[in-house]
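Chain and residue survey
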Amino acid sequence: QLQLVESGGGFVQPGGSLRLSCTASVFTLDSYVIGWFRQAPGKEREGVACISSSGGSTNYADSVKGRFTISRDNAKNTVYLQMNSLKPEDTANYYCAAGFGDGRMCLAKYAMDFWGKGTLVTVSP
């Protein structure tokens, strides 16, 4: 089965930046829509950004639009989430997810078929 591994989480101050990476074991990611989701303590998991299999289209949650950028390098079998101008409310576990869909509704959890275990992002002074 497809296994996804996130990396790049950590502790940053407000206004700082992090870049998260998502890689797959055994299988390539180039056939999948990829999304980044996050879940803060006591909150539901929410879609942050997603990208089509080719990288030709992206979607973002309003809360991160203009600050986060999702991209993929299929040659490296990696999907990235560049996070800039981080705010304390961005603090959450961030999960990479892959789905077989066409990219529509890809910020919804049900659109995804495989999930990574998450990486923690903490934004605090």
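Residues numbered from 1 in each chain as written. Predicted model: local features only at pLDDT ≥ 70, side-chain atom pairs only at ≥ 80, totals over all residues. Heavy atoms only, no water.

Structural notes on the overall build of the chain
Along its length, the chain carries zero helices and 11 strands. Put simply, the chain runs from its N terminus to its C terminus through helices and strands in the order β-β-β-β-β-β-β-β-β-β-β. A principal-axis box enclosing the C-alpha atoms of the chain has dimensions of 40 × 25 × 25 Å. Scored against the burial criterion, the 125 residues of the chain give a buried share of 44%. Within the chain, contacts between residues separated by at least 24 positions form 58% of all contacts whose residues are at least 6 apart in sequence. Split by element, the accessible area of the chain, about 6,400 Å² in all, is 48% carbon and sulfur. (Helix = DSSP H or I, 4+ residues; strand = E, 2+ residues; numbered from the N terminus. Buried < 20%, exposed > 50% of the residue type's maximum accessible area, 1.4 Å probe, protein only. Contact = heavy atoms within 4.5 Å. Areas by Shrake-Rupley, 256 points an atom, 1.4 Å probe, with all protein chains shown as cover.)

Quick look at the state of the cysteines
Under the counting rule described, the total for this entry stands at two disulfides. There is a disulfide in this structure between cysteine 22 and cysteine 96, and the S-S distance comes to 1.9 Å. With the S-S bond torsion at -75°, the cross-link from cysteine 22 to cysteine 96 turns out left-handed. Of this pair, cysteine 22 sits in strand 3 (residues 18–25) while cysteine 96 is found in strand 9 (residues 92–99), placing the two residues 74 residues apart along the sequence. The class for cysteine 22 is buried, based on a relative accessible area of 0%. Judged by relative accessible area, cysteine 96 falls into the buried class, the value being 0%. With cysteine numbering restricted to those in disulfides and following the sequence, the chain has the pairing 1-3, 2-4. (Disulfide = S-S within 2.5 Å.)

With respect to the side chain of arginine 38
By the secondary structure assignment, arginine 38 is in strand 4 (residues 33–39). By relative accessible area, which is 6% here, arginine 38 ends up buried. At a separation of 3.4 Å, a polar atom in the side chain of arginine 38 contacts the side chain of serine 63. A polar side-chain atom of arginine 38 sits 2.9 Å from a polar atom in the side chain of tyrosine 94. Discounting residues that sit within four places of it in the chain, arginine 38 has contacts with Glu44, Arg45, Glu46, Val48, Ser63, Val64, Phe68, Glu89, Asp90, Ala92, Asn93 and Tyr94. (Polar contact = N/O pair within 3.5 Å; in protein donor to acceptor, adjacent residues only side chain to side chain.)

Regarding the environment of serine 31
Relative to the helices and strands, serine 31 is located in the loop between strand 3 and strand 4. Each C-alpha atom of the pair serine 31 and alanine 98 lies 9.2 Å from the other, and the pair is 67 residues apart in sequence.

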